[in-house]
Amino acid sequence: MLTSGPSRRAVLAGTAAAAAITVVPSFPGVATAADSATPSYRWRQVVIGGTGFVSGVLFHPSVRGLAYARTDIGGAYRWDDRNARWIPLNDDLGWDDWNLLGVEAMAVDPAHPDRVYLALGTYAQPWAGNGAVLRSEDRGATWARTDLTVKLGGNEDGRGAGERLLVDPRDSDTLWLGTRHDGLLKSTDRGATWAGADGFPGTPSASGQGVTLLVAAGRVLYAGWGDSDGTSANLYRTFDGTTWEAVPGQPSGTSAKVPIRASYDCHTRELYLTYANAPGPNGQSDGSVHKLATASGKWTEVTPVKPGGTTSDGSADTFGYGGVSVDARRPGTVVVSTNNRWAAVDTLYRSTNGGRTWTSLKDSAVLDVSETPFLTFGADEPKFGWWIQALAVDPYDSKHIVYGTGATLYGTRDLKHWAPQIRGLEETSVRLLISPPTGQAHLLSGLGDIGVMYHQRLTASPSRGMASNPVFGSATGLAQAAAKPSYVVRTGFGDHGNGAFSHDGGRSWAPFATQPAPAKDAPGPIATNSDGSVLLWTFVHWDGTKYPAQRSTDNGATWSEVATCPKGATPLADPADPTRFYAYDTDTGTLFASTDSGLTFTARASGLPSGDSQFQLTATPGRSGDLWLSTKTNGLHRSTDGGATFTKLTSCWASHTLAFGKAADGAHYPAVYMVGATETITAVYRSDDGAKTWVRVNDDQHQWGWIGATIAADPRVYGRVYIATNGRGIQYGDPVR
């Protein structure tokens with residue numbers, strides 16, 4: 001986590017406390033089938049490059065160039081070596097399966113190269129659904145699915161440990177799955193059915209880590225246990241798949257409390273394990289590296305550097321150990337990573353003599369992030385990494401090493417020059433989207449963790465990187481003056497200010513000269529009126545506390561309270577009349593309006609749906625008082641009199657987010673785009689007749705889980721729509737002509 005305040009690392013109860021954000025959706029509706037009429041659309045990713053936590057990476061031991069990566073909220077990927085890019089494998093997971101986009105673990109079968117398995121489940125909390133196991137015979141092109149009766153936690157503490165899923169080397173039909181709260185599971189039919197593994201010694205708990213890793217050393221299976229107190233056993237083994245025992249002589253103490261990852265050197269018959277005093281990726285302050293000579297049972301500590309020293313500036317050098325990978329081509333060669341080492345910055349250590357001596361690869365590293373400039377995070381140079389728990393050495397190329405961070409996947413081919421190996425992998429949690437009517441960029445975005453971006457090209461990561469002056473973590477507000485599109489404002493979490501304005505469409509920025517007191521910890525959404533002369537900023541703390549709105553007429557130099565605007569309501573500017581603002585009070589179901597440029601608000605329509613802060617109010621471009629209210633499964637409502645009255649539309653029964661784009665040829669009203677439902681499935685729809693009728697524009701292979709945060713449509717390109725996903729970046733679709 002790079003910034004203060006909540007970003008895409010959500011504040012959740014229990015073990016989800018440091019998890020990658022999403023806006024956790026709430027909805028009662030069930031979607032089961034696709035609507036029939038689907039126009040042909042081509043879907044592509046807006047290129048940013050990574051941006052999220054890559055929690056695991058795995059080279060296939062038997063096939064050169066074949067690898068898989070997993071993420072905490074954005075599904076899994078397969079590496080396409082010929083085209084040097086990652087192919088997403090789970091975009092077909094739909095609205096109701098949003099909780100399956102977090103990948104807890106993955107496994108390949110060394111004896112059957114086309115087989116791959118995924119254990120899916122984002123949260124193990126009581127409010128989340130159960131996990132599932134996907135199995136494929138064609139490298140993830142198609143899947144068979146088994147729904148589990150237990151929960152998995154691909155976006156909870158410990159998500160970088162593993163792998164928790166393993167194909168038994170003695171029998172490819174047998175799979176093992178380590179769970180957090182339900183012990184060790186076993187399948188004897190290649191993942192089709194699962195049952196508890198008899199005889200496993202670990203006692204699961206409702207709040208523990210459970211099985212953190214599974215690894216084979218020859219024909220012997222080892223399982224790491226994450227709920228030890230540092231004195232009891234945390235590594236077990238079985239020789240026959242039935243009887244388990246604690247591994248004799250295993251390390252203990254705070255530095256070896258939680259086994260994180262393991263890798264087996266089949267040449268030297270040594271098993272390497274990394275440990276920490278917490279599961280990570282946050283919260284680790286101690287750790288160690290050990291190896292076990294599996295033939296003799298001898299343990300040796302091979303920790304490169306013990307945590308707890310002092311850096312040159314006097315900071316405490318605390319950290320744990322994360323990833324570990326042996327070199328399959330060179331006996332005794334192994335690479336490990338530090339994790340949560342904020343003072344001295346995380347590194348990779350490499351040994352060529354079985355851990356007797358180590359070299360820090362960071363010390364000689366040359367980083368090239370020119371393909372994804374945001375990785376500097378507003379600094380002069382990028383960091384080598386943080387949250388490094390995913391680590392792999394290519395079994396066919398000793399100098400090809402890849403490691404995951406909280407924002408990308410770095411790779412090298414010579415142990416010195418490193419660059420993101422991230423093409424095709426997009427994991428952004430998207431909050432805000434604007435498609436400007438003029439200018440070079442067809443898209444501006446507000447994102448979790450990486451602030452605001454100006455997309456001068458959709459096919460390349462923004463050359464400016466993150467918007468700076470100031471740099472934000474997560475964006476909370478983004479608005480453009482409808483009649484003066486060169487004027488844009490943004491708000492978000494940041495250490496050096498929480499609001500900024502731009503006079504060049506978002507290319508460059510200037511910070512607000514002052515800001516209201518709540519802005520530091522509760523920087524909510526912002527609006528600017530149509531000519532850019534007035535700003536209206538509202539404030540909502542992540543704990544739900546709401547503060548009075550504030551108004552500025554001088555680009556944020558001074559602010560005054562607007563007591564009559566409902567606290568915490570998202571402000572909306574009328575696109576045609578600079579004196580009008582709107583705010584929908586989701587607590588009471590009342591529309592408030594201002595006709596004096598935001599000085600005062602009065603209640604208009606009431607008795608509308610209430611009780612959900614994710615209800616959204618939208619205005620039709622170029623028209624005054626033409627308002628649309630999306631209230632999820634309470635439907636879509638429209639007002640043509642500035643919010644005095646609303647009518648519920650009958651053409652759809654659910655609407656989560658709405659946008660307007662260029663009108664179809666011959667049409668007199670902008671094309672309307674919606675994430676909602678007209679029949680049984682929640683999907684992306686377009687209407688060319690003012691929402692009288694709808695056609696679905698995405699298909700069953702392009703669903704991306706929960707997509708209810710926001711949507712945008714291009715005012716210059718008919719048919720183009722931009723989809724904000726919660727872990728798969730920005731997707732955009734164009735009609736196939």
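Higher on the page you've got the structure.
None of the values given here were measured: they were computed from a predicted structure.

**A word on the overall build of the chain**
Right, so step 1: A tally of regular secondary structure across the chain gives 0 helices and 60 strands.
Right, so step 2: Over its C-alpha atoms the chain spans a radius of gyration of 26 Å, differing by no more than 12% from the 27 Å that the globule rule assigns to 737 residues.
Right, so step 3: Each of the three principal axes of the chain carries a C-alpha extent, and together these read 80 × 60 × 45 Å.
Right, so step 4: Sorting the 737 residues of the chain into buried and exposed places 63% on the buried side.

**Section: unusual backbone geometry**
Right, so step 1: Going from glycine 162 to glutamate 163, the amide bond is cis rather than trans, its omega being 5 degrees.
Right, so step 2: With respect to the helices, strands and loops of the structure, glutamate 163 is situated in the loop between strand E11 (144-147) and strand E12 (165-167).
Right, so step 3: Look at threonine 51: it is not a glycine, yet its phi comes out positive at around 85 degrees.
Right, so step 4: Checked against the element boundaries, threonine 51 lands in the loop between strand E3 (41-45) and strand E4 (54-59).
Right, so step 5: On the basis of relative accessibility, which here comes to 1%, the residue threonine 51 falls in the buried class.
Right, so step 6: Although it is not a glycine, alanine 84 adopts a positive phi angle of roughly 55 degrees.
Right, so step 7: One can find alanine 84 in the loop between strand E6 (76-80) and strand E7 (85-88).

**Comments concerning empty space enclosed by the protein**
Right, so step 1: Overall, the coordinates contain 6 cavities of 30 Å³ or more when judged by the stated rule.
Right, so step 2: Grouping the amino acids of the lining of the largest cavity by side-chain chemistry returns 5 nonpolar, 6 polar and 1 charged.

**Quick look at the sheet that holds strand E23 (residues 298-301)**
Backbone hydrogen bonds are what pair the strands of a sheet, in a parallel or an antiparallel way.
Right, so step 1: With antiparallel pairing, 4 strands are arranged side by side in an open sheet as E20-E21-E22-E23. In the strand order of this sheet, the two ends are held by strand E20 (258-265) and E23, each with one partner. Within the sheet, the average angular offset between the axes of one strand and its neighbour, ignoring direction, is 25 degrees.
Right, so step 2: Relative to E23, strand E22 (residues 287-293) runs antiparallel, the two sharing 4 bridges. Note that in E23 the partner of histidine 290 across the bridge is glutamate 301.

**Description of the sheet that holds strand E17 (residues 220-225)**
Right, so step 1: Within the open sheet, the 4 strands sit side by side as E16-E17-E18-E19. Their pairing is antiparallel. Each having just a single partner strand, strand E16 (211-217) and strand E19 (244-246) make up the two edges of the open sheet. Neighbour to neighbour, the strand axes of the sheet diverge by 25 degrees on average, direction disregarded.
Right, so step 2: Looking at chain direction, E16 and E17 are connected through 6 bridges and run antiparallel. Paired with alanine 216 across the bridge in E17 is leucine 221.

**Re the environment of leucine 165**
Right, so step 1: By secondary structure assignment, the location of leucine 165 is in strand E12.
Right, so step 2: On a C-alpha basis, the gap between leucine 165 and glycine 642 in space is 56 Å, while along the polypeptide they are 477 residues apart.
Right, so step 3: Among residues more than four places away in sequence, those in contact with leucine 165 are Ala105, Met106, Ala107, Tyr117, Leu118, Ala119, Leu175, Trp176, Leu177, Trp194 and Leu214.

**A word on the layout of surface pockets**
Right, so step 1: Quantified by volume, the second largest pocket comes out at close to 1100 Å³.
Right, so step 2: Lining the second largest pocket are 39 residues, with Leu58, Phe59, Pro61, Val215 and Ser263 sitting closest to its centre.
Right, so step 3: Those elements giving two or more residues to the lining of the second largest pocket turn out to be E4, strand E8 (103-109), E12, E16, E20, strand E26 (320-326) and strand E31 (391-393).
Right, so step 4: In terms of residue class, the lining of the second largest pocket is built from 28 nonpolar, 7 polar and 4 charged.

Cut-offs used in this document
- Residues numbered from 1 in each chain as written.
- Predicted model: local features only at pLDDT ≥ 70, side-chain atom pairs only at ≥ 80, totals over all residues.
- Heavy atoms only, no water.
- Helix = DSSP H or I, 4+ residues; strand = E, 2+ residues; numbered from the N terminus.
- Rg over C-alpha atoms; globule rule 2.2 N^0.38 Å.
- Buried < 20%, exposed > 50% of the residue type's maximum accessible area, 1.4 Å probe, protein only.
- 1 Å grid on protein atoms, 1.4 Å probe; cavity = no way out; pocket = protein on both sides within 12 Å on 5 of 7 lines; lining within 4 Å.
- Points joined across faces, edges and corners; volume = space filled by probe spheres on them.
- Nonpolar A, V, L, I, M, F, W, Y, C, P; charged D, E, K, R; others polar.
- Pairing = 2+ DSSP bridges.
- Axes fitted to C-alpha atoms, helices over the stretch in contact; angles between N-to-C directions.
- Contact = heavy atoms within 4.5 Å.

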